[in-house]
Amino acid sequence: MTELKRPEQDARRRGRGRRRKRDGEQSMVPEAEFTSYYGRPIVKPAPWEADIPAYMFFGGLAAGSSMLAAGGDLTERPTLRRVGRVASLLSLTVTLVTLIHDLGRPSRFLNMLRTMKLTSPMSVGTWILSAYGPFAGLAAVSELVDMLPEGNRRGVLRLASALGKPAGMVAAVTAPPVAAYTAVLLADTATPSWHEAYRELPFVFVGSAAAAAGGLGLLAVPPEEAGPARRMAVGGAVLEMAAEQQMERSMGITAEPLHQGTAGRLMRASKALTALGAVGALLSGRSRLAGIVSGAALITGSVCTRFGIFHAGQESAKDPRYTVVPQRERLDRGQPIRYED
Amino acid sequence: MAEAHPVGFQWVMEAKKRGAKVIHVDPRFTRTSAMAHTHVPIRVGTDIAFLGGIVNYVLSGELDFREYLLAYTNAATIVSEDYVDAEEFDGLFSGFDPDTRTYDTRSWQYAQQEHTGNSEAGTHQQRETASSMQHETHGAQMPGFPPRDETLQHPNCVYQILKRHFARYTPEMVERICGVSQEAFLEVCHAWTENSGRDRTTALVYSVGWTQHSVGVQYIRTGAILQLLLGNMGRPGGGIMALRGHASIQGSTDIPTLYNLLPGYLPMPHATDHPDLQSWVDKVRQPGAKGFWSNADAFAISLLKSYWGDAATAENDYCFDYIPKLTGDHGTYRTVLDMIDGKVKGYFLLGQNPAVGSAHGRAQRLGMANLDWLVVRDLFEIESASFWKNSPEVETGEIVPEECATEVFLLPAASHVEKEGTFTQTQRMLQWREKALDPRGDCRSELWFFYHLGRLLRERLAGSTEERDRPLLDLAWDYPVHDSGPASGEWAEPSAEAVLMEINGYEVATRRPLSSFNEMKADGSTVGGCWIYTGVFADGVNQAARRKPGSEQSWVAPEWGWAWPANRRILYNRASADPDGKPWSERKAYVWWDEEAGQWTGHDVPDFEKTKPPSYRAPEGAEGVKAIEGVDPFIMQGDGKGALYVPQGLIDGPLPTHYEPVESPFRNALYGQQANPTRKQYSRDDNPLNPSPPSSEEAVAVFPYIFTTSRLTEHHTAGGMSRYLQYLSELQPEMFVEVSPELAAERGLVNGGWCHVVTARSAVEGRVLVTDRLRPLRVEGRVVHQVWLPYHWGTGGMVTGDSTNDLFGITLDPNVLIQESKVGTCDVRPGRRPTGPALREYVEGYVERAQANDGAPVVTADADAVRASQAVADRGEQA
Amino acid sequence: MIGKNSLFGPIDPAVESGYSDPPARKGFFTDTSVCIGCKACEVACKEWNAIPDDGFDFLGMSYDNTGALGASTWRHVAFIEQPAGRRDGGSSAPVDLGMPSIRTSDGDTAAEEDGKPDFRWLMSSDVCKHCTHAACLDVCPTGSLFRTEFGTVVVQDDICNGCGYCVPACPYGVIERRKGPEGAKNVGIAQKCTLCYDRLGAGMTPACAQACPTESIQFGDVDELRRRAEERLEKLHADGVQEARLYGHDPNDGVGGAGAFFLLLDEPEVYGLPPDPVVTTRDLPRMFNRATAAAVTLFAGAVLSFLGRRR
Ligand SMILES: Nc1nc2c(c(=O)[nH]1)N[C@H]1C(S)=C(S)[C@@H](COP(=O)(O)OP(=O)(O)OC[C@H]3O[C@@H](n4cnc5c(=O)[nH]c(N)nc54)[C@H](O)[C@@H]3O)O[C@H]1N2
Ligand SMILES: Nc1nc2c(c(=O)[nH]1)N[C@H]1C(S)=C(S)[C@@H](COP(=O)(O)OP(=O)(O)OC[C@H]3O[C@@H](n4cnc5c(=O)[nH]c(N)nc54)[C@H](O)[C@@H]3O)O[C@H]1N2
Ligand code: SF4
Ligand code: SF4
Ligand code: SF4
Ligand code: SF4
Ligand code: SF4
Ligand SMILES: [Mo]
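**Describing the overall build of chain A**
Phase 1: Summing up its helical and strand segments, chain A has 12 helices and 2 strands in all.
Phase 2: When the helices and strands of chain A are listed from N to C terminus, the series reads α-β-β-α-α-α-α-α-α-α-α-α-α-α.
Phase 3: By the compact-globule yardstick of 20 Å for 341 residues, chain A fits well, its C-alpha radius of gyration being 22 Å.
Phase 4: Once the C-alpha set of chain A is aligned to its principal axes, its extents read approximately 80 × 50 × 50 Å.
Phase 5: Relative to its 341 residues, chain A shows a buried fraction of 60%.
Phase 6: For chain A, the proportion of contacts with a sequence separation of at least 24, taken over those separated by at least 6, is 75%.
Phase 7: By element, 63% of the accessible surface of chain A is carried by carbon and sulfur atoms, the whole surface being about 12900 Å².
Phase 8: Here chain A carries 41 positive and 30 negative side-chain charges, and the mean point of each set is 2 Å from the other.

Here you go:
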């Protein structure tokens, strides 16, 4: 039988300015004193499961892949184009599956298309996805059609094949918002570690998307066509890591969950893998194997980033300290958030 | 009060908003304490010491309302010279017989009236029949005018006796006994006295924290003494009021479900003492005595007429013989023990769940398991209907479902919203309520059940020539029925309004409803089911159904519902005016004498003969109502005075005395007499008591803690109306035990974990709630831990748990036979209790260690004192 | 649609939402100083709205066994037990619980020097705040959450798609998706107090306010309630209850003022309320700006990747 909390215990907890150690890691901020109601959360964690970080990862991968595909198309790198187009379609499919799994029923997705709401990042995102998806899909379909023997391409198929290029271009232009909006989706909540990250999170996410897509390019495209993928991977990784560093600095106490528990492990893995992948990408040169390894590292790193940030946010919502302390500090500084004309 | 009467408590909050100071005296910190200015934690079971301390504070500081006291109370009355106070006999009053543990009360009487007291045998019978309860509206009966000393100097006047009796109840003593700091105690004293007098009044509101004790009646008595001393009775904003429990529990005392009363507080006749109507009626009205009971014959005969109608005639004593008679103790606890002993065959249980709600749950269930048949009418299948298949005794093997021979008839009852009728609430106010919806399925009202049960029995017996069937066959059993409702035709619901009309009473010849009990006749020409309710149907109008908003009438709101007697809202309100009939103060004006009109008038219906002036003095030899003088507000009392000292009617003494609870870890600090010597005790092996001093210290230490029980807002009593409902069950889903952090540390209890509480009767488990709301007290220089348990759980419903009442044995107050279920001693242990037969072994182990079956002595006063007390009675006998 | 004022600051929410001549804004003033913790409000709410049970768990948190607001608890009464040293949020020194020593009877009932009792039991009935700027409503992608003519915020359970976005958006942790067996009432749907929209429409008082015996829950026009709250605060301050404070009444606060606001006797976090809540969408324009910049960066980066050496 576990002991249930009594307010006193909470008070005792508040009473000490002890440093908290978790996972053998010394946190940067000494534990602040705060009061809560039996240690219960104030805000509620999002009722989301692995679907959502997976969705964010695959959305980013799809977006990056579409851009790589379009670039490959324009610069006549057919493998890069093909890989990009197919990867974006597969990723897109996975995003839809995860989304619908999260919602429970397909009709619930369509439900969102009944209305367009600018204040709802989810609504905006749905429309962004709806704008991007068909074109990315069409581009991928044309790619598949093109793989058919010449004689079989007739009628609609021929049309699809013909539309491949313009569709791919539109997909590439509509792709970046797909990678970026998920950061707003998270940040536009009262979840402390998400909301406090709102300035840098979009950069972390697009960086992560670029790194993942670039990594995929490294992994699946022969070195002779993989140059842009490599550059994208490295650029993405650098952006992600720099933005993440900046983000943590600006988050104050709400950065703590990024270092603790599952989230901490994921974020550490993400950093290591991303750095490794980036260095590998830079050094891999013409080595196919090195490309594959670095690509896989970058992709996994991106997965870890999304899951890490997702978990950190969930943890920050479950511990009242991340809600109370920043707000209490604001008040104690005499700077409550108030509307001023 | 916030816990158990939250809706009523809004008025306390309202008063607080207007500046009233709220003090809460309670063993633990409750929702009420949370709203109070001061919470005074007190050791449970010590309120007489506490209140006695206040009495002493008032008397020694002469803070009483002297004018009121002199005119309206018996302060000046002189008591018999034979009387000896408990102060002198080590806690016993004069006249005690240690064998029967009863008093010969002749020495308690007023001077020159010694003969009106009871012999010790008489008192014994009184206890058996809980006859003090019959005195609810009676008061003492007395002929003539006992001597008075208006200067209050006579050593044997009530005032001086009172002073001597309470002199040792000092603040230091209160601190020692109750564990209340002197400072807190004095705060209460100041508040009470400062808010009493000509311009201000204090109301005393109590409930079952004061009643469920082996000295429960004397608790209330102490409160009443204070209210009289301070002039708070019969005046607006004053009084002493019980916050009653179940809806219409007041109604079920007025028209009683009690074994020793008939409607309107007419005592149930006794088989040997009341062989005929005359002897019974005379017992009530005491020919030659003063007061309003002199008309009891009219009330009694009208009642008999309402039962047996035309069959009741002057020739056959109005069928007086048909009334069942008392032969002794037929109280609920005695009856349960009789069930265990196989003396009771069948039992009706309506709206009660004794398997959970009554003390000594195990005895209750074993008793019911030994019946031939049991009828339970309830809203749910409560524990009292399912005991044979899922009680703790089934677990221990004491009841075997396959062998339990009790045939249980569980009949579905309609709830209060599914039937019409009245509720009588705590202010004696009847409020009519309409049926909101038809009951579902076979659910029916109680009225339906009894009407049709009676109808069927009469049909079965029709044509019988057996004498014993006459009472049933001669009943006036013709009630109009509704043509709509859950059933119709032969099985229709009877009209509750017709029943109310019969209760009100009417003239037989014209069927004209009576407007007042003064219209009742002793010649059989009137019918009336309950004389105090007469007027509720005045002018043929259901007065209880009146709903005039408060904003459209005076602040007394006489046109909302109807209060007995005669729609009077404050009893004895003559006392709200001074002896000359003028209001004590403008602020507190309520009822006064209008000189010009030559009558009493005011905001309420005056509780006095309308035209009897303040100056009226009784002529020599006057009897009955005529003997009540113009300055005698307490008109149901034999002397018209408020009784500070009670010469008649109480079994345990004319003055409240602090006795320890029957189970207590402490020696009585005031007297050698430990606990109430006259308490009703059933000493049997299945009713063991935890030892108390003067038993050996080791034995007492087996149960070192004190526990008390009460209610949660979220649940209702035995749980039949809350544990079966989702919305309430989820709010308090589990049986729990509240302990202080100190006790938790001492016994290794963990918040949210399990613990169990053990007494000589059983062990009961619950989750631990460690809380600062319970505090250890320093009593007699020792620290005492108090534990608190709610008593709402049982084996049925959506949330189940152990029943707290399994912890209690059966010990009763001698006056009204209420059980001591607010205090006991116990042990508390971490973890869950043993289950199955091991539970009994575990408890037996405790019983053995504590030698709980050995029957500790009840009379513990000094032997010389006992002898001397008895000698007083013997002297009386010889005289 | 995303203007400065529509996301932050004092507005009339019904007017802002397009009602041309709405009735006066309705809300609650909950005066916790007179709450007796009877939970009549919780029960009345459940009865009226036919809300399923929220579990039968003993929580060991004083008399609170409901724990928090949620999908199946739209009114929640909090119970806080406080010895004197523990007053006023974090400002007072930590208390010595005194275990296992014994408090003497002297100390027990004696008032503290400052005249305050040595122990408090705070009770407070919490509810959806019906924020002027309601994050839940703002972020709802389906329009299931909507603003009523009374200025309140209500979920339409037949439109809600269960996306759950409103849940983390609420700065007070009020709204929640109902858990339970598939097929049970409104499982998976976001649920919270409707401010008894159905009753308001019929001119009735919300069930919880109607049931409250002490008028701890006062229902009415928000303007009038704000006035009453100020009066009550002044009265309590005059009576020496300095710790009394209002919470959520200020139209300039982070949510533009709550439609349901409170008088508290301690810091909000003691009751499980956020001390300085802000509607997340206040920052939404900036979020979109940053996201746009990030998207442009990504696009530019992609373009850059294809420039340069062909390898
Ligand atoms: N919610 C709810 N309301 C109810 C009921 C219910 O079960 N639930 N029951 C109804 C019924 S039937 C009744 S009779 C009433 C009873 O109403 P109350 O009498 O108010 O009910 P209790 O809670 O049993 O007891 C009141 C207080 O007495 C205290 N107490 C115990 N022993 C002592 C003592 O020796 N001295 C002093 N001073 N205090 C003591 C207890 O700590 C408790 O706080 O409530 C009625 N109302
Ligand atoms: N330890 C301890 N024990 C106590 C007390 C205590 O304070 N401490 N308090 C005592 C007090 S004051 C009381 S009043 C008793 C209460 O004890 P009980 O009276 O035994 O318990 P209740 O649960 O009130 O039982 C009433 C039953 O009536 C049913 N009922 C409701 N309405 C109707 C109706 O219209 N018709 C019929 N036929 N049934 C109906 C309900 O479902 C319920 O089962 O408990 C006493 N026991
Ligand atoms: S249940 Fe009835 S009697 Fe009891 S407090 Fe509520 S309204 Fe009053
Ligand atoms: S309190 Fe939360 S759920 Fe209620 S209106 Fe505000 S944001 Fe929405
Ligand atoms: S769960 Fe329902 S109410 Fe909440 S945001 Fe999604 S659609 Fe709107
Ligand atoms: S306003 Fe209605 S829905 Fe909201 S808490 Fe009160 S009763 Fe429940
Ligand atoms: S009904 Fe009123 S007094 Fe009772 S808990 Fe709710 S707010 Fe408090
Ligand atoms: Mo009761």
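Having seen the structure, we can now continue with the description.
**A word on the overall build of chain C**
Phase 1: Along the backbone of chain C there are 10 helices and 10 strands.
Phase 2: Considering chain C as a whole, with its 311 residues, one finds that 64% of them fall into the buried category.

**Quick word on the interface of chain A and chain C**
Phase 1: On the chain C side, the residues contacting the 87 residues of chain A number 96 residues.
Phase 2: The contact between chain A and chain C buries some 7300 Å² in all, and 60% of this surface belongs to carbon and sulfur atoms.
Phase 3: Summed over the three residues of chain A that lose the most area to chain C, namely Tyr 37, Lys 44 and Tyr 339 of chain A, the buried surface amounts to 12% of that side.
Phase 4: Linking chain A with chain C are 5 salt bridges, by the criterion used here.

**Re the interface of chain C and chain B**
Size of an interface: often given as the accessible area lost when the parts come together.
Phase 1: Listed by partner, the interface residues are 50 residues for chain C and 59 residues for chain B.
Phase 2: Overall, the association of chain C and chain B removes approximately 4300 Å² of surface from exposure, summing both partners, and the carbon and sulfur fraction of that is 59%.
Phase 3: Inspection of the region where chain C meets chain B yields 3 salt bridges.
Phase 4: Arg 773 of chain B serves as the salt-bridge partner of Glu 81 of chain C, at 2.7 Å between the closest nitrogen and oxygen.
Phase 5: Counting across the chain C and chain B interface gives 13 residue pairs in polar contact (both at pLDDT 80 or more).
Phase 6: Those elements that place two or more of their residues in the side of chain C that touches chain B are helix H3 (40–49), strand S2 (75–83), helix H4 (105–109), strand S3 (119–127) and helix H9 (222–238) of chain C.
Phase 7: Split into classes, the residues belonging to the side of chain C that touches chain B amount to 23 nonpolar, 12 polar and 15 charged.

**Focus on the site of ligand 5**
Phase 1: Close to ligand 5 lie Cys 140, Pro 141, Thr 142, Ser 144, Leu 145, Cys 160, Asn 161, Gly 162, Cys 163, Gly 164, Cys 166 and Ala 190 of chain C.
Phase 2: By residue class, the composition of the shell around ligand 5 is 7 nonpolar, 5 polar and no charged.

**Overview of the nonpolar core**
Phase 1: By size, the foremost hydrophobic cluster in this structure holds 341 residues, and its most contacted members are Ile 309 of chain A together with Phe 50, Ile 54 and Leu 266 of chain B.
Phase 2: The contact partners of Ile 54 of chain B, leaving out residues within four places of it in the chain, are Phe 185, Val 188, Cys 189, Trp 192 and Leu 226 of chain B.
Phase 3: Met 339, Tyr 347, Ala 369 and Cys 404 of chain B belong to the second largest nonpolar core, which has 18 residues in total.

**Quick word on the pairing of strand S26 (residues 786–790) of chain B**
Residue and element names in this part refer to chain B.
Phase 1: S26 sits mainly inside the fold: 5 of its 5 residues count as buried.
Phase 2: The side-chain alternation of S26 yields two buried faces, one formed by Gln 786, Trp 788 and Pro 790 and the other by Val 787 and Leu 789.
Phase 3: Examined bridge by bridge, strand S20 (residues 705–710) and S26 share 5 bridges and lie parallel to one another. Bridged to Thr 708 within S26 is Trp 788.

**Details of unusual backbone geometry**
Phase 1: Here the residue pair Trp 564 of chain B and Pro 565 of chain B is connected by a cis peptide bond, since its omega of -10 degrees sits within 30 degrees of zero.
Phase 2: Tracing the chain through its elements places Pro 565 of chain B in the loop between strand S16 (562–563) and strand S17 (591–594).
Phase 3: Across the junction of Pro 693 of chain B and Pro 694 of chain B, the peptide omega takes the value 5 degrees, indicating a cis bond.
Phase 4: With respect to the secondary-structure elements, Pro 694 of chain B resides in the loop between strand S19 (680–681) and helix H23 (697–701).
Phase 5: The backbone of Ala 50 of chain C sits at a positive phi, close to 50 degrees, despite the residue not being glycine.
Phase 6: Looking at the element boundaries, Ala 50 of chain C is found in the loop between H3 and S2.

**What to know about the sheet that holds strand S9 (residues 346–350) of chain B**
Sheet strands line up and pair through hydrogen bonds in the backbone, either parallel or antiparallel.
Residues and elements named next belong to chain B.
Phase 1: The parallel open sheet is built from 3 strands, whose spatial order is S9-S10-S11. At either end of the open sheet lies a strand with only one pairing partner, and these are S9 and strand S11 (407–412). On average, each strand axis in the sheet is inclined to that of its neighbour by 10 degrees, with strand direction left out of account.
Phase 2: One ladder, built from 6 bridges, connects strand S10 (residues 373–378) with S11; its direction is parallel.

**Overview of the domain arrangement of chain C**
Residues and elements named next belong to chain C.
Phase 1: Along its sequence, chain C is organised into domain 1 (13–93 + 110–280) and domain 2 (281–311).
Phase 2: With 5 residues of domain 1 at the contact, the number on the domain 2 side is 5 residues.
Phase 3: Across the contact surface, domain 1 and domain 2 share 0 salt bridges.
Phase 4: Between domain 1 and domain 2 we count 5 residue pairs in polar contact (both at pLDDT 80 or more) in total.
Phase 5: Class assignment for the residues of the side of domain 1 that touches domain 2 results in 3 nonpolar, 1 polar and 1 charged.

**Some words on the site of ligand 7**
Phase 1: Taken together, the neighbourhood of ligand 7 is formed by 14 residues, with Cys 35, Cys 38, Lys 39, Cys 41 and Cys 212 of chain C sitting nearest.
Phase 2: Partitioning the shell around ligand 7 into residue classes produces 9 nonpolar, 4 polar and 1 charged.

**Remarks on the sheet that holds strand S10 (residues 260–264) of chain C**
All names here are of chain C.
Phase 1: Here 4 strands make up an open sheet; going across it, the order is S8-S1-S10-S9 and the pairing mixed. Every interior strand has two partners, whereas the edge strands, strand S8 (217–221) and strand S9 (245–247), have only one. Shown here is a sheet whose adjacent strand axes are inclined to one another by a mean of 20 degrees, direction ignored.

**Thoughts on the pattern of salt bridges**
Phase 1: Going through the model one piece at a time under the given rule, you end up with 79 salt bridges over all chains.
Phase 2: For Lys 680 of chain B, the salt bridge goes to Asp 329 of chain B, with nearest N and O atoms at 3.2 Å. Of this pair, Lys 680 of chain B sits in strand S19 while Asp 329 of chain B sits in the loop between helix H14 (296–308) and helix H15 (332–340), placing them 351 residues apart in sequence. The residues Lys 680 of chain B and Asp 329 of chain B share a single accessibility class, namely buried.
Phase 3: Its salt-bridge partner being Glu 231 of chain C, residue Arg 227 of chain C comes within 2.5 Å of it at the nearest N-O pair.

**Focus on the pairing of S20 of chain B**
All names here are of chain B.
Phase 1: The buried fraction of S20 amounts to 6 of the 6 residues, a majority that puts the element mostly inside the structure.
Phase 2: With burial as the criterion, each face of S20 is covered, one bearing Tyr 705, Phe 707 and Thr 709 and the other bearing Ile 706, Thr 708 and Ser 710.
Phase 3: Two strands pair when backbone bridges link them, and S20 and strand S28 (residues 824–830) are joined in this way by 3 bridges, in the antiparallel orientation. The residue bridging Ile 706 from the neighbouring strand is Thr 825, located in S28.

**Description of the packing of helix H3 (residues 47–60) of chain B against helix H8 (residues 171–178) of chain B**
Residues and elements named next belong to chain B.
Phase 1: Orientation of H3 relative to H8, taken along the N-to-C sense of each, is 170 degrees, at an axis distance of 9 Å. One element, H3, and the other, H8, form an angle in the roughly antiparallel class. Here Ala 49, Phe 50 and Gly 53 of H3 lie close against H8, whose contacting residues are Val 174, Ile 177 and Cys 178.

**Some thoughts on H3 of chain B**
All names here are of chain B.
Phase 1: With 14 residues, H3 ought to run about 20 Å at 1.5 Å a step, and its terminal C-alpha atoms sit 19 Å apart, in line with that.
Phase 2: For H3, a buried count of 12 out of 14 residues is recorded, marking the element as mostly surrounded by other parts of the structure.
Phase 3: Within the sequence span of H3, burial applies to Asp 47, Ile 48, Ala 49, Phe 50, Leu 51, Gly 52, Gly 53, Ile 54, Val 55, Asn 56, Val 58 and Leu 59.
Phase 4: At the exit of H3 stands Glu 62, carrying a positive phi of roughly 50 degrees.

Rules used in this analysis
Residues numbered from 1 in each chain as written. Chains lettered and ligands numbered in written order. Predicted model: local features only at pLDDT ≥ 70, side-chain atom pairs only at ≥ 80, totals over all residues. Heavy atoms only, no water. Helix = DSSP H or I, 4+ residues; strand = E, 2+ residues; numbered from the N terminus. Rg over C-alpha atoms; globule rule 2.2 N^0.38 Å. Buried < 20%, exposed > 50% of the residue type's maximum accessible area, 1.4 Å probe, protein only. Contact = heavy atoms within 4.5 Å. Areas by Shrake-Rupley, 256 points an atom, 1.4 Å probe, with all protein chains shown as cover. Lys, Arg positive; Asp, Glu negative; His and termini not counted. Charge placed at Lys NZ, Arg CZ, Asp CG, Glu CD. Buried area = accessible area lost by both parts, 1.4 Å probe. Salt bridge = Lys/Arg side-chain N within 4 Å of Asp/Glu carboxyl O. Polar contact = N/O pair within 3.5 Å; in protein donor to acceptor, adjacent residues only side chain to side chain. Nonpolar A, V, L, I, M, F, W, Y, C, P; charged D, E, K, R; others polar. Near = heavy atom within 4 Å. Core = buried A, V, L, I, M, F, W, Y, C linked by side-chain atoms within 4.5 Å. Pairing = 2+ DSSP bridges. Axes fitted to C-alpha atoms, helices over the stretch in contact; angles between N-to-C directions. Domains from an automatic or database assignment. Parallel < 35°, antiparallel > 145°, perpendicular 65-115°, else oblique. Expected span 1.5 Å × (residues − 1).

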